Structure formats: structure tokens, C-alpha cells
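Chain by chain, the residues run as shown.
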Amino acid sequence: MAAAHEQRGMATATQSKDTNHYNRQNWEDAEFPILCETCLGPNPYVRMTKEKYGKECKVCERPFTVFRWCPGAGMRFKKTEVCQTCAKLKNVCQTCLLDLQYGLPTQVRDAALALEDKMPTGIINREYYTQNAEAALGEGINPLDAAQGSSKGHALLKKLARTTPYYKRNRAQICSFFVKGECRRGAECPYRHEMPTNPDDPLAKQNMKDRYYGSSDPVAEKMMRRASKIPSLEPPADKAITSLYVGGVEDPFVTQQDLQDYFYQFGEIRVINVLKKQKAAFVHFTSRPAAEKAAEAAHNKLVIKGRPLKVMWGRAQGQRAKSGGGEGGPALFGAAPGGAPALAATPFLPPPPPGVAAARYPSQDPFRMGARSAAPITGAHEKGQTK
């Protein structure tokens, strides 16, 4: 009887050991964390401590390898909060849980790209989903790549995204003893000696799971309210305007060929005039729909060779003539609101046939490339006199 009881106990222990061994096979053992540039810090010689199976993931609750480091001088120590599997499923940083591509909360990204969160929140379903996701990631399949969203959504994310790291986020936290007036450590205190601006601010109450699953995130809600207030570029009422003004065109960084390579995708281009002195350019399309499509896609979004460019509608010839022509020159058409000249008008040309728009080219400008002056020439050669 005792022998049977002992044998049964050994079998139970063996079965428990096998189950524990199986579970440990799913634990994460990584060599380097998945971090964004802001969390990593500006120090290129950052040193990290690695603790194998040091904490449970804040999302899937499985043990994973924890990394801890200091981003820079005067900054607080940071550590990884979620495992790499959960970070890869959402394409987020293991520490701040912000999107690695745009640096935005997942709620903002999913709303802009119309992505659905299919990760379950229950323990059993979440474990099953995580195991299948790990197998898919091992084969090079990322569930997030299945739906990349529309180009309009990506353009909105580019508007909201930060172009440079925000190291202010790594500052030390506020000293609670200083707030109470009881901190005696002085300059040796590793925390900030500042008073909180507004304790009731919703940004002061952020939850890590809400940030990961993209629900009720105060930072995301603030960004989405700001995105709804971004002004759009309204097309002018005059349908004859097919020109776009592009500001910030500085040679040799942005050339005419760069503008041609970008704007040709929206429709046929009549001519592109680059004004080097004004650091601007005018893109003249042959049709109004092509100009509207280009204006909608490029307004507050156009970046060429790392340089953001300003895109606005040009002005009609009549509006430009009323303003005096700019810089003492003749009346111009397709001019920018700031008064930058584009292409000279040619009133001496015969009118076009009915239903055909007038085409103007740089070669038709009478004030370009050594054309004869309109003023009469007087001199000795007119009277046939020679020296």
C-alpha cells in the first residue's frame, strides 16, 4: 500500500516536472531589447543589466528577460515592461509601448489605419493566441502586416509623428517628499524637485494595458483631438487655377527633377518653374483634378530628402494683376500668396480656340534669354555714322 502511494507520488511529480519544463520552453530569453530611440537615450555607450526571467510580462504574464539601463545623465533608470512577443505583435517599444515607426500610441495608429485589435484579454485565450503568434513570427509572418491601412491614414500619422527623439520623457520623476516639504537630500536626491502642474490632469493617470490595447488612453485621446483640428487646404473657387506653390525649394537640396519625380504621379504636368531667389517653385498641371489630388496629398505632408516643403494653391492671373505684379514686373499668373513671381503673362498671343485652355511656356516669356527690349534704341549706328 505504501509502495503504491509512493509510486503514485513519483508519477505526479514527474508529470508536474514535464508541465513545468514545457512552460519554461515558452519563456523568453533575449540578447537585446526592442526599444525606440527615445527610450534608448542619446548615449552611444549605454550599459545595460540583463536579468534572465526577471519579471512577468505586463500583458501576457509570462516570465521574460528584463533589461535595465540609464538613458543619460540626469535621467531615470528604465527597464523593459513587456516581452518581445507582445512587442512584435503590436510593433511597439518594450518600455514606452509606443509605435516604433511613428512614435505614437497604438490607439492613434489603429484608428488612423482602421486596424482591429484581435488579441484576446482572457488568460486562456490569450495564451493560445500568443503561442500561435510566436509560431507565425518564427516563420516570418507578422499579423500586423496583413492590413497596412490606407495612404491617407499613413499621411495623418506622419503629421502627428515626432521627427526627433523626445528625451524629455526620460526625466526623473517628481520627488514626493519634496512635494510634502520633507525632502532632506538636497542636490543628492535622484528625483526632480518640482511641484506637479495639475494633479487632476488625465495625462497623470496612464495605464500600461490601456496603452497596449489602445483603449481609453489619455495621450491618444489628446492627439486625436488635435488631429481633428488640423486645417485642410481648400481648393480655390476658380476652376481655371491648376498651379501649386511649393515653398522651401532650396537648390541643390531640392531640385526641379525631385519635384517632377514626386508630382508626376498625380497627373500630367505642363511645366515646373523653380525660383531660386525666392526658394520656391510652381507646379502647373494640365488638369484641375490632378492639381486637387496633388494638393490634398502634399499639403503639410510633403518631405523631400528630409526637408519639409510648404504646398499651397497658386493665385489666378487677375488676382495677381490687381496686386501690382510684384517686384515692379508685369502681371504674373500662378503666383503664391506671398507675392513670389512665377511665369510672365503674354498678352500679345492670339486667343486660343473655343474650349481650349491657353498654354504658356517659358519660351513664350518676352523678358527671358536676351529678348529685344521694348524701348527704342538710339545711337550713332541708327544715323549711319561710324567712327
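Residues numbered from 1 in each chain as written. Predicted model: local features only at pLDDT ≥ 70, side-chain atom pairs only at ≥ 80, totals over all residues. Heavy atoms only, no water.

1. Observations concerning the overall build of the protein chain
- Within the protein chain, the secondary structure is distributed over 12 helices and 11 strands.
- The buried share among the 387 residues of the protein chain stands at 34%.
- Counting contacts in the protein chain only where the partners sit at least 6 residues apart, residues at least 24 apart contribute 57% of the total.
- For the protein chain, the exposed area adds up to about 24500 Å²; of that, 53% sits on carbon and sulfur atoms. (Helix = DSSP H or I, 4+ residues; strand = E, 2+ residues; numbered from the N terminus. Buried < 20%, exposed > 50% of the residue type's maximum accessible area, 1.4 Å probe, protein only. Contact = heavy atoms within 4.5 Å. Areas by Shrake-Rupley, 256 points an atom, 1.4 Å probe, with all protein chains shown as cover.)

2. Comments concerning the packing of aromatic side chains
- One pass over the full model with this rule turns up six aromatic pairs.
- Plain terms: the ring middles of Y262 and F266 are 5.6 Å apart, the flat faces sit at 65 degrees to each other, and that makes the pair edge-to-face.
- Here the aromatic rings of F263 and F266 are separated by 6.4 Å at their centres, their planes lie at 55 degrees, and the arrangement is tilted. Across the pair, exposure class does not vary: F263 and F266 are buried alike.
- Members of the aromatic cluster, connected to one another through ring pairs, are Y262, F263, F266 and F285.
- Lying over the aromatic face of Y212, K90 brings its terminal NZ or CZ to 5.6 Å of the ring centre.
- Just above the ring of W313 sits the side chain of R288; from NZ or CZ to the centre is 4.9 Å. (Phe/Tyr/Trp six-rings, centres within 6.5 Å; stacked < 30°, edge-to-face > 60°. Lys NZ or Arg CZ within 6 Å of the ring centre and 35° of its normal.)

3. Quick notes on the confidence of the model for the protein chain
- Summary statistics for the protein chain give a mean pLDDT of 75 and a share of 71% for residues scoring 70 or more.
- Across the protein chain, the secondary-structure element scoring lowest on mean pLDDT is strand β10 (residues 332-333), at 40, and the one scoring highest is strand β3 (residues 78-79), at 94.
- Within the model, the stretch residues 370-374 combines pLDDT values under 50 with one contact to residues more than four positions away or in other chains. (pLDDT = per-residue confidence, 0-100.)

4. Quick look at the sheet that holds strand β4 (residues 243-247)
- The strand order across the open sheet formed by four strands is β5-β6-β4-β9, and the pairing between neighbours is antiparallel. Each of the sheet's edge strands pairs with one partner strand only, and the pair in question is β5 (269-275) and β9 (310-313). Here the average twist between neighbouring strands, direction ignored, is 20 degrees.
- Where β4 and strand β6 (residues 280-285) come together, five bridges link them in antiparallel fashion. Bridging from a neighbouring strand, V246 pairs with A281 of β6.
- Each of β4, β5 and β6 is contacted by helix α10 (residues 256-263), which is oriented at about 145 degrees to β5, the strand it contacts most.
- With respect to the sheet, helix α11 (residues 288-298) is in contact with β4, β6 and β9, its orientation differing from that of β9 by roughly 145 degrees. (Pairing = 2+ DSSP bridges. Axes fitted to C-alpha atoms, helices over the stretch in contact; angles between N-to-C directions.)

5. With respect to α10
- Those residues of α10 that fall on the buried side of the exposure criterion are D258, L259 and F263. Projection of α10 onto a plane perpendicular to its axis shows the buried side chains occupying an angular sector of 115 degrees, all on one side.
- Elements that come into contact with the buried residues of α10 comprise β4, β5, β6, α11 and β7 (303-304). (Arc of directions from axis to C-beta.)

6. Considerations on the environment of E28
- Of note, E28 is situated in the loop between α1 (2-25) and α2 (37-40).
- Considered as a pair, E28 and K52 are 24 residues apart in the sequence and their alpha carbons are 8.4 Å apart.
- When near neighbours in sequence (up to four residues on either side) are disregarded, E28 contacts Y53, P63, F64, T65, C83, Q84, T85 and Q94.

7. Structural notes on the pairing of β9
- On β9, burial follows the alternation: V311 and W313 on one face are buried, whereas K310 and M312 on the facing-out side are not.
- Pairing between β4 and β9: four bridges, direction antiparallel. Note that in β9 the partner of L244 across the bridge is W313.

8. A word on the side chain of T242
- Structurally, T242 is set in the loop between α9 (218-228) and β4.
- A polar atom in the side chain of T242 sits 3.0 Å from the backbone oxygen of F285.
- Those residues in contact with T242, other than ones at most four positions away along the chain, are R270, V283, H284, F285, S287, R288 and A291. (Polar contact = N/O pair within 3.5 Å; in protein donor to acceptor, adjacent residues only side chain to side chain.)

9. What to know about the environment of V108
- Looking at where V108 falls in the secondary structure, it is placed in helix α4 (residues 106-113).
- With relative accessibility at 4%, the residue V108 sits in the buried group.
- Each C-alpha atom, one on V108 and one on A220, is 5.6 Å from the other, the two residues being 112 residues apart in sequence.
- Residues in contact with V108, not counting those within four places in the same chain, are L157, L160, A220, M223 and M224.

10. Quick notes on unusual backbone geometry
- Cis rather than trans, the peptide bond between D251 and P252 has omega equal to 10 degrees.
- Inspection of the secondary structure puts P252 in the loop between β4 and α10.
- Here N91, not a glycine, exhibits a phi torsion of approximately 55 degrees, which is positive.
- Its location among the elements puts N91 in the loop between α3 (84-90) and α4.
- Look at K279: it is not a glycine, yet its phi comes out positive at around 55 degrees.
- Structurally, the position occupied by K279 is in the loop between β5 and β6.

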